[in-house]
Amino acid sequence: MTTVATRLSEVKSTLPATGVQLVAVSKFHPAETIREAYDAGHRCFGESRVQELQQKYDQLPHDIEWHFIGHLQTNKVKYIIPYVAMIHSVDSTRILDEIERQAARVDRVVDCLLEVHVAQEDTKFGFSPQECCDFLASLTVDSYPHVRFRGIMGMASNTDDEVQVRAEFAQLKALFDTVRNGAMAGNSSFDTLSMGMSLDYRMAIEEGSTMVRIGTTIFGEREY
């Protein structure tokens, strides 16, 4: 049986030498399993449940860069704001307002990605591409002083149709470029396009992803 360290190394060998960050998605896997990847040198991990993230934060070294990638409820924001490195799943202005409020309370500036919905599925959360453009265009310097807008995150449809998946990734990349050269022009922090998971990350990278979220390929099937 291959180890976590071996699979992690294999995944890293498929990524470009520069320009793409790997978030190892550790949700539903125990702290000991994450520790294997940590001991192999990896520091960036993704979690999707606040309570699980809290437990792992307490159990594991504090130089880990925790990314929150799941749907976030407003009443849970306060628990992760003191230490989370990036929130990928900012899917409404309501959640953004709460992130700002809680980050101000602990005097932090928190990196955030706007989640954009392009998949042909009703279950996904997020801004529409137009809503994303309109919202970012409406921002002023004082809008969210404790939030740093780093880019956008999106998921392709859960389908075997590679043409559709590639088209949705291309749509996200076009939106990212439009916003980066438009509403966010001059903001050098707006540099992240988070798209691509275990089954489709290679296509996502080909379409311009700068951050991939890979779990099963590294850690194996999840223990729900």
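As the structure is a computational prediction, the values presented were derived from the model and not from experiment. (Residues numbered from 1 in each chain as written. Predicted model: local features only at pLDDT ≥ 70, side-chain atom pairs only at ≥ 80, totals over all residues. Heavy atoms only, no water.)

A. Representation of the overall build of the chain within the structure. Each helix and strand counted, the chain has nine helices and eight strands in total. Its C-alpha radius of gyration of 17 Å places the chain within 12% of the 17 Å reference for a compact globule of 224 residues. Oriented by its inertia axes, the alpha-carbon framework of the chain measures out at about 50 × 45 × 35 Å. Across the 224 residues of the chain, 50% fall into the buried class. For the chain, the proportion of contacts with a sequence separation of at least 24, taken over those separated by at least 6, is 58%. Surface accessibility of the chain: about 10700 Å² in total, with carbon and sulfur atoms responsible for 47%. Of the side-chain charges in the chain, 22 are positive and 32 negative, and the distance between the mean point of each set is 4 Å. (Helix = DSSP H or I, 4+ residues; strand = E, 2+ residues; numbered from the N terminus. Rg over C-alpha atoms; globule rule 2.2 N^0.38 Å. Buried < 20%, exposed > 50% of the residue type's maximum accessible area, 1.4 Å probe, protein only. Contact = heavy atoms within 4.5 Å. Areas by Shrake-Rupley, 256 points an atom, 1.4 Å probe, with all protein chains shown as cover. Lys, Arg positive; Asp, Glu negative; His and termini not counted. Charge placed at Lys NZ, Arg CZ, Asp CG, Glu CD.)

B. Broad picture of the environment of Thr 6. With respect to the secondary-structure elements, Thr 6 resides in helix α1 (residues 4–13). Remark: the alpha-carbon pair of Thr 6 and Ala 40, spanning 34 residues in sequence, is separated by 8.9 Å. Polar side-chain contacts of Thr 6 include one of 2.9 Å to the side chain of Thr 3. (Polar contact = N/O pair within 3.5 Å; in protein donor to acceptor, adjacent residues only side chain to side chain.)

C. Seen up close, the environment of Leu 8. With respect to the helices and strands, the residue Leu 8 is situated in helix α1. Distance from Leu 8 to Ala 103, taken between C-alpha atoms, is 33 Å for residues 95 residues apart in sequence. If near-sequence neighbours (up to four positions away) are discounted, Leu 8 is found in contact with Leu 22, Ala 37, Ala 40, His 42 and Ile 218.

D. Seen up close, helix α6 (residues 129–138). Among all positions of α6, only Cys 132, Phe 135 and Leu 136 are buried. The buried residues of α6 occupy an angular sector of 95° when projected down its axis, which confines them to one face. Exposed positions of α6 whose direction lies more than 90 degrees from the buried face are Gln 130 and Ala 137. Looking at the buried residues of α6, the elements they touch are α5 (93–105), β5 (110–115), β6 (147–153) and α7 (162–181). (Arc of directions from axis to C-beta.)

E. View of the pairing of strand β4 (residues 86–90). Counting buried positions along β4 gives five out of five residues, so the element sits mostly inside the fold. Bridge count between strand β3 (residues 65–68) and β4: two bridges; the pairing is parallel. Counted as the bridge partner of Phe 68 is Ile 87 from β4. Taken together, β4, α5 and β5 form a β-α-β motif whose crossover is right-handed. (Pairing = 2+ DSSP bridges. Right-handed = clockwise from strand over helix to strand, strands pointing away.)

F. Up close: the packing of α6 against α7. One can describe the packing of α6 onto α7 by two numbers: an axis separation of 11 Å at closest approach and a directional angle of 15°. It follows that α6 is roughly parallel to α7 by the angle criterion. Read as a crossing pair, α6 and α7 show a hand that is right-handed. Of the residues in α7, those touching α6 at Pro 129, Cys 132, Cys 133 and Leu 136 are Gln 171, Leu 175 and Val 179. Residue composition of the contact of α6 with α7, grouped by class: six nonpolar, one polar and no charged. (Axes fitted to C-alpha atoms, helices over the stretch in contact; angles between N-to-C directions. Parallel < 35°, antiparallel > 145°, perpendicular 65-115°, else oblique. Left-handed = near helix turned anticlockwise from the far one by under 90°. Nonpolar A, V, L, I, M, F, W, Y, C, P; charged D, E, K, R; others polar.)

G. The packing of aromatic side chains, seen in detail. With the rule as written, the count across this model stands at seven aromatic pairs. Seen in terms of ring centroids, Phe 176 and Phe 190 are 5.6 Å apart; in terms of plane orientation they differ by 20°. Their pairing is stacked. Here Phe 176 is found in helix α7, whereas its partner Phe 190 is found in the loop between α7 and β7 (192–194), with 14 residues between them in sequence. Overall, the relative accessible area of 1% leaves Phe 190 in the buried class. Members of the aromatic cluster, connected to one another through ring pairs, are Phe 127, Phe 135, Tyr 144 and Phe 149. It is Arg 43 that lies over the ring of Tyr 38; its NZ or CZ is 3.6 Å from the centre. (Phe/Tyr/Trp six-rings, centres within 6.5 Å; stacked < 30°, edge-to-face > 60°. Lys NZ or Arg CZ within 6 Å of the ring centre and 35° of its normal.)

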